[in-house]
Amino acid sequence: MKQSAMGAPRELPPIGSYVEVIQGRDAGLVAVVLAHEGDRFVRIADGDVRRVEKPKKKNVAHVRRIHRMAEGIAQKLAEGGRVTNAELRHAVRMLLEAQTANGQEREQGGT
């Protein structure tokens, strides 16, 4: 749901989903949504540049949702557990490797 001309807020990506930062100093960073803050902001971390101890607060209009979930992290957060930086780094690395593999398959004429 994109922001309309009337200024309606964008839909917040679910906790545990992947996002890519599209504006700001972290542009291009792929991270995981750790929390929602109000109706316009999310807290994100990737375990490396942005650590779980100090997640980045981002306006939802400045991130692009990647329609995949970090299932293990989402489940852990839903149960009230703590997520480690190593878990976040691993989840982001797995997503990026999967995207790279899919891109290579497409270039080679795969599905």
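Scroll up to find the structure.
Residues numbered from 1 in each chain as written. Predicted model: local features only at pLDDT ≥ 70, side-chain atom pairs only at ≥ 80, totals over all residues. Heavy atoms only, no water.

1. Details of the environment of Val-33
(1) Moving on: Within the fold, Val-33 resides in strand β2 (residues 30–37).
(2) Moving on: Judged by relative accessible area, which is 0%, Val-33 ranks as buried.
(3) Moving on: Taking the C-alpha atoms as reference, Val-33 lies 9.3 Å from Ala-70; in sequence the two are 37 residues apart.
(4) Moving on: For Val-33, the contacting residues outside a window of four places in its chain are Pro-13, Pro-14, Ile-15, Gly-16, Ser-17, Val-19, Val-42, Arg-43, Ile-44 and Leu-77. (Helix = DSSP H or I, 4+ residues; strand = E, 2+ residues; numbered from the N terminus. Buried < 20%, exposed > 50% of the residue type's maximum accessible area, 1.4 Å probe, protein only. Contact = heavy atoms within 4.5 Å.)

2. Comments concerning the nonpolar core
(1) Moving on: In terms of nonpolar packing, the biggest core is built from 14 residues, with Tyr-18, Val-30, Val-32, Ala-70, Ile-73 and Leu-88 touching the most fellow members.
(2) Moving on: Of all the secondary structure elements, the ones that give two or more residues to this core are β2 and α2 (85–107).
(3) Moving on: Sorting elements by how many residues they give to this core places α2 first, with four residues.
(4) Moving on: When near neighbours in sequence (up to four residues on either side) are disregarded, Leu-88 contacts Val-32, Leu-34, Ala-45, Asp-46, Gly-47, Val-52, Ile-73 and Val-83. (Core = buried A, V, L, I, M, F, W, Y, C linked by side-chain atoms within 4.5 Å.)

3. Quick word on the sheet that holds strand β1 (residues 17–21)
(1) Moving on: Spatial strand order, β4-β3-β2-β1-β5: five strands in an open sheet with antiparallel pairing. Whereas interior strands pair on both sides, the edge strands pair on one side only; in this sheet they are β4 (56–59) and β5 (63–69). Pairwise comparison of adjacent strand axes, ignoring direction, gives a mean angle of 45 degrees for this sheet.
(2) Moving on: Summarising the sheet, β2 and strand β3 (residues 41–45) pair through five bridges and their orientation is antiparallel. Within β3, the residue paired with Ala-35 across the bridge is Arg-43. (Pairing = 2+ DSSP bridges. Axes fitted to C-alpha atoms, helices over the stretch in contact; angles between N-to-C directions.)

Coordinates in, geometry out; function isn't part of it.
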